[in-house]
Amino acid sequence: MGFIQDIRPVFNKTKIKLRDKIHEANDIYTFIFDKSDALNWKAGQHGVFNITHRKVANPTRPFSIASAPFENKIQLSMQISESPSEFKQAMLELEPGMEMDMRGPIGPMYVDTPQQPILFIAAGLGITPFRAILKDLANRNTYEAVYHLFYINHSEVFLYADELDELSSKHPSIRVQYYQDRNILYKDISNYATYQGNQGYYYVAGSQAMVGSISDLLRSNNIKKGHIKKDIFRGYKS
Ligand SMILES: Cc1cc2nc3c(=O)[nH]c(=O)nc-3n(C[C@H](O)[C@H](O)[C@H](O)COP(=O)(O)OP(=O)(O)OC[C@H]3O[C@@H](n4cnc5c(N)ncnc54)[C@H](O)[C@@H]3O)c2cc1C
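The structure presented is a predicted model; accordingly, all values stated were derived computationally and were not measured.

Colleague: Please give an account of helix 6 (residues 208–220) that cites residues and values.
Modeller: The first and last C-alpha atoms of helix 6 sit 18 Å apart over 13 residues, in line with the 18 Å expected at 1.5 Å per residue. Residues Met210, Val211, Ile214, Ser215, Leu217 and Leu218 constitute the buried set of helix 6. Relative to the axis of helix 6, the buried residues are bounded by an arc of 155 degrees and lie together on one face. What points out from helix 6, more than 90 degrees from its buried face, is the exposed set Ala209, Asp216 and Ser220. Tucked into the core, helix 6 has its buried residues touching strand 7 (118–123), strand 8 (147–152), helix 5 (182–196), strand 10 (201–206) and strand 11 (228–232). One or two positions beyond helix 6, positive phi appears at asparagine 222, with a value near 70 degrees.

Spelled out as structure tokens, the structure:
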């Protein structure tokens with residue numbers, strides 16, 4: 001798909017109803033909404049979400065959809081600190097049955113080369129699109145290549161770790177490695193890039209600083225721009 005096709009659905013607005021709200025750990029929350037039959041997306045894409053139950057100064061934020069379409073739910077995970085934005089305060093007020101608006105799905109962060117090896121690199125909440133993508137690849141059950149996930153987090157609590165471990169134990173084509181030390185991560189990325197080179201594709205998601213720095217590292221390992229997909233979570237600082 002091209003840029004225009006990936007972005008055009010931003011004009012489609014859907015009302016979504018909250019099914020469940022989960023306090024995962026520390027300041028991480030997950031929101032699960034019902035999925036209508038009409039709403040579909042490619043695993044890894046994001047939506048643009050709008051608070052509608054009350055007036056909020058800046059009521060709109062983009063979030064990756066952390067669920068795959070076959071799961072029949074729209075799942076979002078986000079950091080909500082002790083003094084969050086008004087948007088996130090309003091998210092916390094949502095109770096099951098309450099609604100918000102979603103525009104999209106949009107964006108190019110989906111797998112279009114499943115037949116080639118892919119290294120997914122998640123920094124913190126950058127794991128959200130990759131949960132969706134790996135669930136989707138596992139559900140298709142047609143492994144054409146080996147997919148690695150390198151997942152770095154500054155805290156010891158890795159969101160979705162149980163599900164990721166289950167995926168990799170059931171599906172040998174999915175390999176997951178966790179990191180807390182950036183130097184070790186960067187060494188492993190360089191080793192992978194040296195070995196796989198431009199036979200593989202590289203998907204990176206997280207804060208602007210992390211995605212920029214990992215993308216520079218890949219480029220310095222001679223990975224072509226066209227082999228790197230970036231999901232920059234603008235506004236996310238961890
Ligand atoms: C394509 C895309 C996908 C995204 N997907 C996700 C996702 O899945 N999950 C997710 O959480 N976010 C995601 N984001 C980012 C999201 O849209 C918000 O911008 C982000 O969560 C910040 O939310 P907030 O502005 O409500 O601020 P809050 O998180 O409430 O923070 C309040 C203010 O403090 C600042 N701040 C926050 N942390 C720090 C820090 N450590 N140091 C200094 N200042 C800080 C923020 O910039 C903000 O101004 C995505 C963004 C894009 C573009």
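Colleague: Report on the sheet that holds strand 7, specifying residues and quantitative values.
Modeller: Note: strands within a sheet are paired through backbone hydrogen bonds, in either parallel or antiparallel orientation. Taking strand neighbours across the sheet as the criterion, the five strands line up as 9-8-7-10-11 in an open arrangement whose pairing is parallel. Edge positions in the sheet fall to strand 9 (174–179) and strand 11, since each has one partner strand and no second. Sheet twist, expressed as the mean angle between neighbouring strand axes with direction ignored, is 15 degrees. Judged from the six bridges that link them, strand 8 and strand 9 form a sheet pairing that is parallel.

Colleague: Let's hear about the site of the ligand: which residues, and what values?
Modeller: Neighbouring the ligand are 20 residues, the closest being Pro62, Ser85, Lys88, Arg234 and Lys237. The backbone of serine 64 places a nitrogen or oxygen atom 3.1 Å from a nitrogen atom of the ligand. Within the backbone of serine 77, one N or O atom sits 2.9 Å away from a nitrogen atom of the ligand. In the complex, 72% of the free accessible area of the ligand, which totals 950 Å², lies under the protein chains. Going through the elements one at a time, strand 4 (60–64), strand 5 (73–79) and strand 11 are the ones with two or more residues in the shell around the ligand. Take the shell around the ligand: its biggest share by element is four residues, from strand 4. For the shell around the ligand, the residue count by class is eight nonpolar, seven polar and five charged.

Conventions and cut-offs
- Residue positions within a chain follow its written sequence, with the count starting from 1.
- The model is predicted, so local features are restricted to residues of pLDDT at least 70 and side-chain atom pairs to those at 80 or more, both for listing and for counting; the totals for chains, interfaces and linings are taken over all residues.
- No hydrogens and no water enter the side-chain calculation; it runs on all heavy atoms of the structure.
- Only DSSP runs of H or I reaching four residues or more are called helices, and only runs of E reaching two or more are called strands; each is numbered from the N terminus.
- One fewer than the residue count of a helix, multiplied by 1.5 Å, yields its expected span.
- Relative accessibility under 20% of the residue-type maximum defines a buried residue, over 50% an exposed one, and the middle range a partly exposed one, all with a 1.4 Å probe and only protein chains included.
- For this quantity, the arc is that covered by the directions from the helix axis to the C-beta atoms.
- Note on contacts: a residue pair is in contact if any heavy atoms of the two residues lie within 4.5 Å.
- Two strands are counted as paired when DSSP detects at least two bridges linking them.
- Fitted lines through C-alpha atoms serve as axes, helices being fitted only where they are in contact, and the angles separating the N-to-C directions of these axes extend from 0 to 180 degrees.
- The nearness test applies per residue and asks whether one of its heavy atoms lies within 4 Å of the molecule or strand.
- For the purposes of these results, a polar contact is taken to be a pair of N or O atoms within 3.5 Å, where, inside protein, one atom must be able to donate a hydrogen and its partner to accept one; residues adjacent in sequence count only when each atom of the pair is a side-chain atom.
- Calculation of accessible area relied on Shrake-Rupley with a 1.4 Å probe; when residues are assessed, cover is drawn exclusively from the protein chains displayed.
- All amino acids are sorted into three groups, where Ala, Val, Leu, Ile, Met, Phe, Trp, Tyr, Cys and Pro are nonpolar, Asp, Glu, Lys and Arg are charged, and the leftover types, Gly among them, are polar.

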